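# Structural overview
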Amino acid sequence: MSEKEELIAIVGSANVFDAPELLEAYSRDESFVRQMKPQYVARPQNAEQVQEIVKWANRTVTPLIPVSSGPPHFRGDTIPSLGGVVVDLSRMKRIIRIDRRNRVAMVEPGISFAELQPELEKEGLRLPMPLCPRSSKSVMGSCLEREPTTIPKYQWDISDPLLCTEVVFGTGDMFRTGSAAGPGTLEEQWASGQAQKNPLGPSQSDLFRIIQGSQGTMGIVTWASVKCELLPSIQKLFFVPAQSVEQLIDLTYRILRLRLGDELLLLNSFNLAALLREDADQIAALREVLPPWILIFCIAGYERLPQERIEYQEKDIMDVAQQFGVKPVSAISGVSGGEVLEVLSKPSAEPYWKLRFKGGCHDIFFLSTLDRTPEFIGDMHRMAEERGHPTTEIGVYIQPVMQGCACHFEFNLTCNPNSPKEMEKVGTLFTDASETFVNMGGFFSRPYGPWADMAYGRCADTVIVLRKVKEIFDPNGVMNPGKLCF
C-alpha cells in the first residue's frame, strides 16, 4: 500500500486530506516562520489511532506535527519544518471526567476553553484561563505550552494547571504520567477514590515535564487532567490607574504577598482598549481617554460567607493601596469593573482581540521579575521609535506568575499583514527586540521559531542533554523535527 492508503487504513478515508488549499492553510500562520506544506493532514478520533499513526511514522520515517487548537496560529510551532503529516487532534473532543470533590477535569486535546468552561460551571468549578484566549484555543494545548493564567494566587508551580497526561511517545509507546500511571485502569482508580491529581510519577520521575513545553517534539498527548478552582458566587473588580508603571510595582508585590484577590494583571491603555472594543477606531478612541497603565485585580466570595469575604478583602486592599498613594476604583474612563470582568471570564469574542486593531499581531514574551518592568518597557519603546513603529500601537501585558515569584512580560506588536513595508518593519523590530531582551536576561522559556537559536545557542550543555532525552523518547526523530534544538 502507498503511504496515503496506510493512513486511510488507520483513520478512514474521510479523515486523510491532501487537497492543495487545505495543505496551504497548514503551511503557514501569523508568525515569521518559513512556510512549508505538509504531505497530508490526518485527523484521528482516539488514542489508539494516534498510536497507530506514530508507529506508521516510525516505519516510514515520516515527520509528524501535532495540532490541537484551531486557527489562527501565531508561533510557528505547528508549521512543518520538513514536510510530513499534520496530526490534527480536533476530532478528539471528549470531556472525559469532571470531579467536583477533587476539583479536577480530564479532557482530550480537541476541547477548547469555550467548550469546557460551561460544563465546569454546572459543577461549580472554573479553570484559570490565559488572558482572553481565542475561541478555538485548545485547553490542553494551552496547558502543555505553559501559557500564564490571570490568577497567580493559584499557581504553585510553573506547570500548573496541568496534572496527569496520557502520551504516545515518539517510539509509539503509550504512557501515563503522574498518579494516572497506576496501578489499575482509570475506572479502577476512580472507583477507589483517586482523581489523577498528582502530576509527579510514576515512582520518582517527572516525565510530564519532558512533555510540557516540548512543542510536540517528544510525543502526542491524548488526554490530560487539569486543576480547577471553585466558581465564585460574588466577584468585584477594581482598577488602579497610574501615569507610569513604576507607581504600580510595589503595590502589586504587596497584594501578591498577602494573597489578596484572584485575577491580577497589568495592562497598558492600548491592550485594555483592544480587549474591550471591536475595531480600530473604537480602540484608538478608548485608548486616548484611558490612563496609560492599569492594574486590574478581582476579589471573590465563594460558597461560605461570600459577602463577608468580599468586604474584608476590599478593606484590606484599600488600606494597602493607601500606603502606596494610589486608590483602587470600580470604573475608569466610562469602563466599569463588571464590563472588564465579563471579558476576562471567557474566551475572546470574534475577531480575536489581538487582531482587531490592524488585522495582525506579533508577540514577544518571556519571563523575568516584576521589578525590572520599567527597564524592559523603556528599551522596547526606544527600539520601536528608532525603527519607526508607533509606541502607541504596542500592547503591553504584564502577568505575575507563581504567586509573584516571576513575571510574564508580553509585548504585542500590531501591524497590517497586507502591507509588505509594515511587515518588514515589524519583523526587524521583532528580531532585534527579542535579541535585546535575551541579552538583558529575559528568560524565553517557550522558545518558538527564531527564539530557539537565541535560547539554546547560549546553553550548550542543555542542548546535549535534551538531544540525549530525544534519542530515548523519539529515536527516529519523527516528532515535529526542526523545532527547539532538534
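The notes below deal with the structure included here. Keep in mind that what you see is a predicted model, and the values were worked out from it rather than measured. (Residues numbered from 1 in each chain as written. Predicted model: local features only at pLDDT ≥ 70, side-chain atom pairs only at ≥ 80, totals over all residues. Heavy atoms only, no water.)

## Some remarks on the nonpolar core
Note that soluble globular proteins tend to have their nonpolar side chains buried in a common cluster. Counting residues in each nonpolar core, the largest one holds 49 residues, and the members touching the most others are L295, F297, I364, I398, F411 and F437. Among the elements that line this core, the one with the most residues is helix α14 (residues 420-439), at six residues. Setting aside residues no more than four positions away along its own chain, F297 makes contact with K236, L237, F238, V240, I255, E263, L264, I317 and P328. (Core = buried A, V, L, I, M, F, W, Y, C linked by side-chain atoms within 4.5 Å. Buried < 20%, exposed > 50% of the residue type's maximum accessible area, 1.4 Å probe, protein only. Helix = DSSP H or I, 4+ residues; strand = E, 2+ residues; numbered from the N terminus. Contact = heavy atoms within 4.5 Å.)

## A short note on the state of the cysteines
Overall, the coordinates contain zero disulfides when judged by the stated rule. Cysteine C298 shares no disulfide, and the gap to the nearest cysteine sulfur, in C132, comes to 13 Å. Relative accessible area serves as the criterion here: at 0%, C298 is assigned to the buried category. Free cysteine: C407, not disulfide-bonded; nearest cysteine sulfur from C405 at 11 Å. (Disulfide = S-S within 2.5 Å.)

## A few points about the layout of surface pockets
Roughly 650 Å³ of volume is contained in the largest pocket. What lines the largest pocket is a set of 27 residues, among which R146, F443, S445, Y456 and L466 lie closest to the centre. Residue classes in the lining of the largest pocket are distributed as 16 nonpolar, eight polar and three charged. (1 Å grid on protein atoms, 1.4 Å probe; cavity = no way out; pocket = protein on both sides within 12 Å on 5 of 7 lines; lining within 4 Å. Points joined across faces, edges and corners; volume = space filled by probe spheres on them. Nonpolar A, V, L, I, M, F, W, Y, C, P; charged D, E, K, R; others polar.)

## What about the sheet that holds strand β3 (residues 64-67)?
An order of β1-β2-β4-β3 is seen for the four strands of this open sheet, with the pairing classed as mixed. A single partner strand is all that each edge strand has here, and the edge strands are β1 (16-17) and β3. Across four bridges, the pairing between β3 and strand β4 (residues 85-88) is parallel. Among the inter-strand pairings, L64 is bridged to a residue of β4, identified as V85. With respect to the sheet, helix α3 (residues 47-60) is in contact with β2 (40-42), β3 and β4, its orientation differing from that of β3 by roughly 155°. (Pairing = 2+ DSSP bridges. Axes fitted to C-alpha atoms, helices over the stretch in contact; angles between N-to-C directions.)

## What to know about empty space enclosed by the protein
Applying the stated criterion across every chain yields a total of eight cavities of 30 Å³ or more. By volume, the largest cavity is sized at about 670 Å³. R75, K137, G141, E145 and E147 are the residues nearest the centre of the largest cavity, which is lined by 39 residues in total. Only β3, α5 (139-144), β10 (219-227), β17 (360-368) and β19 (406-415) provide two or more residues apiece to the lining of the largest cavity.

## A few points about unusual backbone geometry
Cis rather than trans, the peptide bond between G201 and P202 has omega equal to 5°. Of the consecutive residues E350 and P351, the connecting peptide bond is found in the cis state with omega at -5°. Within the secondary structure, P351 is located in the loop between α12 (337-344) and β17. The phi dihedral of V61 falls on the positive side, at around 50°, and the residue is not glycine. Among the structural elements, V61 can be located in the loop between α3 and β3.

## Some points on the environment of L429
Examined against the element boundaries, L429 turns out to sit in helix α14. Taking relative accessible area as the criterion, L429 reaches 0% and is therefore assigned buried. When the C-alpha atoms of L429 and M174 are compared, they prove to be 43 Å apart, with 255 residues separating the residues in sequence. Each residue touching L429, except ones within four places of it in the same chain, is listed here: M380, M383, A384, R387, H389 and L413.

## A short note on helix α4 (residues 113-122)
Within α4 the residues assigned to the buried category are F113, L116, Q117 and L120. Down the axis of α4, the buried set is contained in an arc of 100°. They therefore lie on one face. Residues of α4 that are buried in the fold lie against β5 (95-99), β6 (104-107), β7 (125-126) and α5. Immediately beyond the C-terminal end of α4, within one or two residues, lies G124, with a positive phi of roughly 75°. (Arc of directions from axis to C-beta.)

## Notes on the packing of helix α9 (residues 269-276) against α12
Orientation of α9 relative to α12, taken along the N-to-C sense of each, is 75°, at an axis distance of 10 Å. Relative to α12, α9 is oriented roughly perpendicular. Where α9 approaches α12, its residues L272, L275 and L276 are matched on the opposing element by E339, V340 and V343. In terms of residue class, the contact of α9 with α12 is built from five nonpolar, no polar and one charged. (Parallel < 35°, antiparallel > 145°, perpendicular 65-115°, else oblique.)

## Observations concerning the pattern of salt bridges
Inspection of every chain in the model, using the stated rule, returns 37 salt bridges. In this structure, K227 and D160 form a salt bridge, with 3.0 Å as the shortest nitrogen-oxygen distance. Taken together, the positions of K227 in strand β10 and D160 in the loop between α5 and β8 (162-169) put the pair 67 residues apart, joining distant regions of the chain. Note on D160: relative accessible area 13%, which makes it buried. The salt bridge involving E410 is made with K354; its shortest N-O contact spans 2.8 Å. On the criterion of sequence distance, the pair formed by E410 in strand β19 and K354 in the loop between α12 and β17 is long-range, its members being 56 residues apart. Of the two residues, E410 and K354, both sit in the buried class. (Salt bridge = Lys/Arg side-chain N within 4 Å of Asp/Glu carboxyl O.)

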